[in-house]
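# Per-entry structural report
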Amino acid sequence: MPDKWMIRSNTFGNCNCASNCGCQFQVNSTHGFCQFVEGGHIEEGYFNDTSLTGLNWAFMIIWPGEIAEGGGKEQIVIDERADADQREALRKIVLGETDAPGLNHFAVFNSLCSEVLDPLYLPIECEVDIEARTASLQIPDLVNATGTPIIDGFNGEPFHMALVRSEGSFEFGHAEIGSGTASVTGPVAMELETTYAQFCVLHYDQDGVVR
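### Points about the overall build of the chain
If you tally the helices and strands in the chain, you get three helices and 16 strands. Taken against the 2.2 N^0.38 rule, which gives 17 Å for 211 residues, the C-alpha radius of gyration of the chain at 16 Å falls within 12% of a compact globule. For the chain, the spread of C-alpha atoms along the three principal axes comes to 55 × 35 × 35 Å. Classification of the 211 residues of the chain by burial places 51% in the buried group. When contacts within the chain are restricted to residue pairs at least 6 apart in sequence, those whose partners lie at least 24 apart make up 64%.

As structure tokens, this is what we get:
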């Protein structure tokens, strides 16, 4: 019998692009290659009979060129508080192994990676305020990432920018856009400073994006 699952996750993502991230605007990346870190807190979720509510997750990928060209290296991190069933469920979801190809961004991104490292089970602190466009993603000795609003150069106030995606999106329906800074160590290391960040709810189930 196919797996039945759902997650509704407050999520923060930060990549090395400028605020017109190529993934969202159907253009090439800012620098010709992509580095990306993302994490979320599951406000509500389950995998068959296993609850995922309250758990955190993260993943990071680096691609040597444009994402569509493939060749990425991926590392996922699962909340160390998860028990064995929860760990396996989150592993399947974040690696996109639970549904048809292309139904969500986990599956799309994973399909464009040629190296997928073993999952890590670590403490993850993830706080995301979507409306305020602020976030903190902390994994000891691995990830230190923060998100803030973009500041308007004319008046010094937070600048509001958001994306609304129509039917057919495999990621989100609405995302607030801001600025992110991240330091990631280990085999998928990156240093991002005041680059593209998004703050959104990822609401997925076995059939794709929940509208």
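Having seen the model, we can carry on.
### Describing the nonpolar core
Core analysis: the biggest nonpolar cluster contains 36 residues, and Ile7, Leu52, Phe59, Phe106 and Phe109 have the highest contact counts within it. Within the residue set of this core, elements represented by two or more residues are strand S1 (5–15), strand S2 (34–47), strand S4 (56–63), strand S5 (72–79), helix H2 (84–94), helix H3 (105–111), strand S14 (174–184) and strand S15 (190–205). Once residues within four sequence positions are removed from consideration, Phe106 is found in contact with Ile7, Glu38, Trp57, Phe59, Ile93, Val94, Leu95, Gly96, Leu202 and Tyr204. Formed by 23 residues, the second largest nonpolar core is a distinct cluster that contains Val37, Cys126, Leu137 and Leu142.

### Side note on the side chain of Asp79
Note that Asp79 resides in strand S5. A polar contact is formed between the side chain of Asp79 and the backbone nitrogen of Asn56, at a distance of 3.0 Å. Engagement of the side chain of Asp79 in a polar contact is seen with the side chain of Arg81, the distance being 2.6 Å. Those residues in contact with Asp79 that lie beyond four places of it in its chain are Gly54, Leu55, Asn56, Arg87, Leu122 and Ile124.

### Regarding the layout of surface pockets
Using a probe with the size of a water molecule, rolled over the atoms, empty space left in the structure can be pinpointed. Roughly 410 Å³ of volume is contained in the largest pocket. Forming the boundary of the largest pocket are 20 residues, of which Gly22, Cys23, Gln26, Ile67 and Ala68 lie nearest the centre. Going through the elements one at a time, helix H1 (22–25) and H3 are the ones with two or more residues in the lining of the largest pocket. Residue contributions to the lining of the largest pocket peak at three residues, all from H1. In terms of residue class, the lining of the largest pocket is built from 11 nonpolar, six polar and three charged.

### Digging into the environment of Gly147
With respect to the helices and strands, the residue Gly147 is situated in strand S10 (residues 143–148). The exposure class assigned to Gly147 is buried, which follows from its relative accessible area of 4%. Each C-alpha atom of the pair Gly147 and His41 lies 15 Å from the other, and the pair is 106 residues apart in sequence. Ignoring sequence-local partners within four residues, the contact set of Gly147 consists of Phe12, Arg133, Thr134, Ala135, Ser179, Gly180 and Phe199.

Cut-offs used in this document
- Residues numbered from 1 in each chain as written.
- Predicted model: local features only at pLDDT ≥ 70, side-chain atom pairs only at ≥ 80, totals over all residues.
- Heavy atoms only, no water.
- Helix = DSSP H or I, 4+ residues; strand = E, 2+ residues; numbered from the N terminus.
- Rg over C-alpha atoms; globule rule 2.2 N^0.38 Å.
- Buried < 20%, exposed > 50% of the residue type's maximum accessible area, 1.4 Å probe, protein only.
- Contact = heavy atoms within 4.5 Å.
- Core = buried A, V, L, I, M, F, W, Y, C linked by side-chain atoms within 4.5 Å.
- Polar contact = N/O pair within 3.5 Å; in protein donor to acceptor, adjacent residues only side chain to side chain.
- 1 Å grid on protein atoms, 1.4 Å probe; cavity = no way out; pocket = protein on both sides within 12 Å on 5 of 7 lines; lining within 4 Å.
- Points joined across faces, edges and corners; volume = space filled by probe spheres on them.
- Nonpolar A, V, L, I, M, F, W, Y, C, P; charged D, E, K, R; others polar.

Any functional reading would require information that these geometric values do not contain.
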